[in-house]
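Here is how the chains run, residue by residue.
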Amino acid sequence: MSRSRTLALSFVFVGLATACNGKGDANAEAAAEAEKVWQERCVTCHGPDGGGNGPGAAALAVKPRSFKDPTWQATTDNERIKKVIVEGGASVGLNEAMAPNPDLKDKPAVQDELVKKVRKLAQ
Ligand code: HEC
């Protein structure tokens, strides 16, 4: 292999490594932001463990369900969870006490991480 070809190849590898690294950081960032959103906005009603028993839930006419319900986990899909989070409960026929989070509309990675969070709470 010629020297310049070896050199070119090593640039490709460095480039690939950097790209992968960048993605890893972006994922970690999205996960951290999702965790922050969960703690700051969702726990009040949904409870820290997703049981639907946060302090804010007491005052609600319609209580949030427990995310630990295996039947709900099995019958709801990720797109619907994201829609509820971004557009609010009313967008899928649920109670409007579940408010929309329009600032997350352009943050699909954060939405994905919130879905993961909701899914993980089931375990
Ligand atoms: C003001 C209280 C409140 C806050 C804050 C809140 N929710 Fe909700 N959420 C609700 C209620 C009440 C429902 C159930 C509405 C119904 O069943 O009609 C709900 C429903 C949901 C559902 C759909 C569950 C189902 O039955 O299909 C998801 C997913 C959800 N919330 C996630 C979140 C996330 C993530 C956050 C934070 C970004 C959040 N919620 C913040 C009250 C809240």
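Preceding this paragraph is the structure being described.
Residues numbered from 1 in each chain as written. Predicted model: local features only at pLDDT ≥ 70, side-chain atom pairs only at ≥ 80, totals over all residues. Heavy atoms only, no water.

**Comments concerning the site of the ligand**
- Among the 20 residues in the neighbourhood of the ligand, the closest are listed as C42, C45, H46, R65 and M98.
- For the ligand, a nitrogen atom lies 2.7 Å from a polar atom in the side chain of H46.
- Here an oxygen atom of the ligand sits 2.9 Å away from a polar atom, N or O, in the side chain of W72.
- Considering every element that reaches the shell around the ligand, the biggest residue donor is helix α1 (residues 3–46), with 5 residues. (Near = heavy atom within 4 Å. Polar contact = N/O pair within 3.5 Å; in protein donor to acceptor, adjacent residues only side chain to side chain. Helix = DSSP H or I, 4+ residues; strand = E, 2+ residues; numbered from the N terminus.)

**Regarding the coordination of the iron atom of the ligand**
- In the first shell of the iron atom of the ligand, the protein supplies H46 (NE2) and M98 (SD), at 2.0 to 2.1 Å from the metal.
- Geometry at the iron atom of the ligand is octahedral, judged from its 6 donor atoms and the angles of 86 to 179° they form at the metal. With a gap of 52 residues between them, H46 in helix α1 and M98 in the loop between α3 (78–87) and α4 (108–120) connect regions that are remote in the sequence. (Donors = N, O, S within 2.8 Å, 3.2 Å for Na, K, Ca; no water. Tetrahedral: all angles 85-135°; square planar, octahedral: opposite > 155°, others 65-115°.)

**Some words on the nonpolar core**
- Of all hydrophobic cores here, the largest spans 17 residues; its most connected members are W38, F67, I81, L104, V110 and L114.
- At the level of elements, α1, α3 and α4 are the ones that each hand at least two residues to this core.
- Considering each element in turn, this core owes the most residues, 6 residues, to α1.
- Non-local contacts of L114, meaning those with residues more than four positions away in its chain, are made with A34, V37, W38, I85 and L104. (Core = buried A, V, L, I, M, F, W, Y, C linked by side-chain atoms within 4.5 Å. Buried < 20%, exposed > 50% of the residue type's maximum accessible area, 1.4 Å probe, protein only. Contact = heavy atoms within 4.5 Å.)

**Re the pattern of salt bridges**
- A full pass over the atoms with the stated rule returns 9 salt bridges.
- With a shortest N-O distance of 3.6 Å, E40 and K36 are connected by a salt bridge. Taken as a pair, E40 and K36 lie in helix α1 at a separation of 4 residues, close to a single helical turn. For the pair E40 and K36, a shared accessibility class is recorded, and that class is exposed.
- With its nearest N and O atoms 3.4 Å apart, the salt bridge here joins K82 to E79. Of this pair, K82 and E79 both sit in helix α3, 3 residues apart, which is roughly one turn of that helix.
- What makes K82 buried here is its relative accessible area of 15%.
- Sharing partners across several salt bridges, the network here consists of E79, K82 and D112. (Salt bridge = Lys/Arg side-chain N within 4 Å of Asp/Glu carboxyl O.)

**A few points about the packing of aromatic side chains**
- Summed over all chains, the structure comprises 2 aromatic pairs.
- When the centroid spacing of 6.4 Å and the interplanar angle of 45° are considered together, the rings of W38 and F67 count as tilted. With a gap of 29 residues between them, W38 in helix α1 and F67 in the loop between α1 and α2 (70–75) connect regions that are remote in the sequence. This pair shows no difference in class: W38 is buried, exactly as F67 is.
- Judged by centre distance (5.2 Å) and plane angle (25°), the rings of F67 and W72 are stacked.
- Exposure remark for W72: the relative accessible area of 10% places this residue in the buried category. (Phe/Tyr/Trp six-rings, centres within 6.5 Å; stacked < 30°, edge-to-face > 60°.)

In short, geometric facts, not functional conclusions.
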